[in-house]
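# Structural overview
Take a look at the letters that make up each chain.
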Amino acid sequence: MVVINDDVFPHHLENDANGSDDGSESDLGSISQVKQWIRGSCTTELLKRRLPFLQWAPTYTFRSIFHDCIAGFTVALTAIPQGIAYGAVAGLPVEYGLYTAFAGPFVYALLGSVRQITVGPTAVMAIMTHEYTLKGGAPYAIVLSFLAGCIELMAGLLNLGWIMDFISGPVISGFCSAAAVTVIVAQFKTLLGLKFPGSSFAKVFPGIFANWMDISLWDTVLGFSFILLLLLLKNLTLLRKTCTNWSCLRNRHVSKAIWFVSTCRNALAVILGCVIAYSFELYGYHPFNLTGEIKSGVPSFHLPPFSFERPVSNSSNSSNPEFELVTFDTILSDLGMGLAMVPIIAILEQVAIAKAFSNGGKTDSTQEMIAVGMGSIFCSFFGCLPLTASFSRSSVMSASGAKTQFANFFNGFVILIALSFLMPTFYYIPKSVLGAVIIVAVYSMVEFDEILPMWRGRRIELIPFATTFFCCLLINIEYGILAGALIHLLLLAHEATRTKSSYIRYKQQGVGERIILRADRNLYFPTVERFRQALGRIASDNPNESTPRSIVIDMSRVSQVDHTSLKMLKAMLSVWDKKGERYSFANVSQDLERNMLAVLPAGINILRVRTETDSADSDENAEEAGALLAVSTCAKDGGQRA
């Protein structure tokens, strides 16, 4: 409803007549509105939401420092081996994974809104980045991190999180499953000690069979042994629940020791692998493929490489290779769809994990998008990969008893110490051990357990799941997500067009026969043809032409009708007028009536249920419309399908 203040108009007319300066008054009004908007936006509450450390910093205690320090140290023991492994998955030197693992948590410690969350490299981000490192190496990964962070930050500031709603659960499950299978198959190449080009499923899977004669027995035995060891350590906490008769397992200190060993299993596996490989090296044996030299020290803080030189791949002079300049435009062209899909997946993971650890409380999705965006931008200045929240490390953070987000600071600090002093030790990490760490870490991402519930429920949702899974697995991850999302949206649009309008007949004394047609949903252009056919069948279904009848279109379930549908109704009503049919629309809302009268003839009979703003003169029509609604509702089960 629009309220018009009549006193305003004489004032404006007087100003126009006297030639007064309306521009100055409008400018003053605009300035006052801007000042009011700024005053309403710049509040202490909003500042604390955008800088969450202002909420917990004033009440931070030494007890909180102790708990956060323990939690950060425990998470770092998991983050270090995973960072090394995910750097390799991304197709980069392994130290790049550690750069991401140390820089991201520093930003989240200040801007994150959930204390259990920690950010850094993940399997999904690594496998998505790998496609672009094949094109341009580390510079492409760094620029991708910067640009993805900018997009994530803008999405948070502009409240664009609703875009994520268009990616459904089956599409996400299909994507995660395909990404996990791709990573696992790629790591089997490392696990078996094979060396051949290719990292995608379509190249690695047949490549394993084609090169099976080159399988390294030592790497294979070591890799599968560590897979069994990691699975055993992962399920070590189940020992206490299973063996309830063992009194020693009921001891509190023993339970904590078991939990610590299970949580730090990746670090223990890496250390044990180093010891085994170093022992063989001492006696002059080199049976394993080792990680090799890892660059030590903290990376320098510098701008991302928006342009750089690289050697020409087909240069004939190997001693003095030619170089070509890669410009920012070339980088943008090569990154292509990744500039959209990497931020979308990062935001999806970040917000989903934040909601999972919010324990049913309210999650500030906008702040999470700002935090992951600022983290990616900050990390790009240290030469890092795109990052997002890690579910496995966040679980460790939660179980370790973190009190505030400042636990991320201790996590990053421990990784920084490892980068500075422990890199020479990691030279002896067998690659098959890293492959085992990755396989055990990502196999739980394969969500084939979602297939049975979808089969028992809505089987049609298996179509977007399968489309996403196979497209991501065999073609490309970005196009797989787009194909799955598009297929699901098309399925929804198809279902929306399948109107199931029903009608009933009843005779009223003194009036004759009435046919009530109920539209079961809003009328948009895809549904026009089916609704027109329903109207046509009703008009042609007249077994007793001598009996007067009236067609009533019940609009109780309709709140919107688009222009295409209104044009169809206008044409159909014109045909009915020529045949002498009597018709009316019942249970029409006030807004819908205004929309209908913009196209339909003004003289049509509309029965509208009375609202508080209606006058008493419409009581008769309101009562008739309400009666028609009651009749059509009571006779719903006996109605015919149109």
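Residues numbered from 1 in each chain as written. Predicted model: local features only at pLDDT ≥ 70, side-chain atom pairs only at ≥ 80, totals over all residues. Heavy atoms only, no water.

## Some remarks on the packing of aromatic side chains
Filter applied, for reference: In this analysis, rings of Phe, Tyr and Trp, with Trp reduced to its six-membered ring, are considered paired at centre separations within 6.5 Å, and the interplanar angle assigns stacked below 30 degrees, edge-to-face beyond 60, and tilted for intermediate values. Helix and strand definitions follow DSSP, with helices as H or I runs of at least four residues and strands as E runs of at least two, each counted in order from the N terminus. Only protein chains enter the accessibility calculation, which uses a 1.4 Å probe; a residue whose area is less than 20% of its type maximum is buried, one above 50% is exposed, and one in between is partly exposed.
In total, this model carries 32 aromatic pairs according to the counting rule given. With centroids separated by 5.3 Å and ring planes inclined at 70 degrees, the aromatic side chains of phenylalanine 205 and phenylalanine 209 adopt a geometry described as edge-to-face. Placement of the pair is phenylalanine 205 and phenylalanine 209 together in helix α10 (residues 201–210), with a separation of 4 residues, close to one helical turn. Judged by relative accessible area, phenylalanine 205 falls into the partly exposed class, the value being 40%. For phenylalanine 209, a relative accessible area of 56% translates into the label exposed. When the centroid spacing of 5.2 Å and the interplanar angle of 15 degrees are considered together, the rings of phenylalanine 301 and phenylalanine 381 count as stacked. Remark: phenylalanine 381 occurs in the loop between α17 (365–380) and β4 (388–389) and phenylalanine 301 occurs in the loop between α14 (265–282) and β2 (308–311); sequence separation between them is 80 residues.

## Observations regarding the packing of helix α24 (residues 528–540) against helix α25 (residues 563–579)
Just so we agree on the cut-off: Helix axes use the C-alpha atoms of the stretch in contact, all axes being lines fitted to C-alpha atoms, and the angles between their N-to-C directions lie in the range 0 to 180 degrees. Working definition: roughly parallel below 35 degrees, roughly antiparallel above 145 degrees, roughly perpendicular at 65 to 115 degrees, and oblique for all remaining angles. Two helices that cross are described as forming a left-handed crossing if the nearer one is turned anticlockwise from the farther one by less than a right angle, and a right-handed crossing if clockwise. Contacts are assigned to residue pairs with any non-hydrogen atoms lying within 4.5 Å of each other.
One way to put it is that α24 packs onto α25 with a least axis distance of 10 Å and a crossing angle of 15 degrees. Classified by the angle between their axes, α24 and α25 sit roughly parallel to one another. Read as a crossing pair, α24 and α25 show a hand that is right-handed. Here Val528, Phe531, Arg532, Leu535, Gly536 and Ala539 of α24 come into contact with α25, specifically with Thr564, Ser565, Met568, Leu569, Met572 and Trp576.

## Some details on helix α23 (residues 477–497)
Inclusion rule: How far a helix is expected to stretch is found by multiplying one less than its residue total by 1.5 Å. Within 3.5 Å is the distance limit for a polar contact, defined as a pair of N or O atoms, with the added protein rule that one can donate a hydrogen and the other accept it, and that residues adjacent in sequence qualify only through two side-chain atoms.
Helix length check: α23, at 21 residues, gives a terminal C-alpha distance of 30 Å against a target of 30 Å (1.5 Å per residue), a fit within 8%. For α23, the complete set of buried residues consists of Ile477, Glu478, Gly480, Ile481, Gly484, Ala485, His488, Leu491 and Thr497. For α23, the elements touching its buried residues are α7 (123–136), α9 (169–191), α16 (338–356), α22 (462–474) and α24. Its side-chain oxygen at 3.2 Å from the backbone nitrogen of tyrosine 479, asparagine 476 defines the N-terminal cap of α23.

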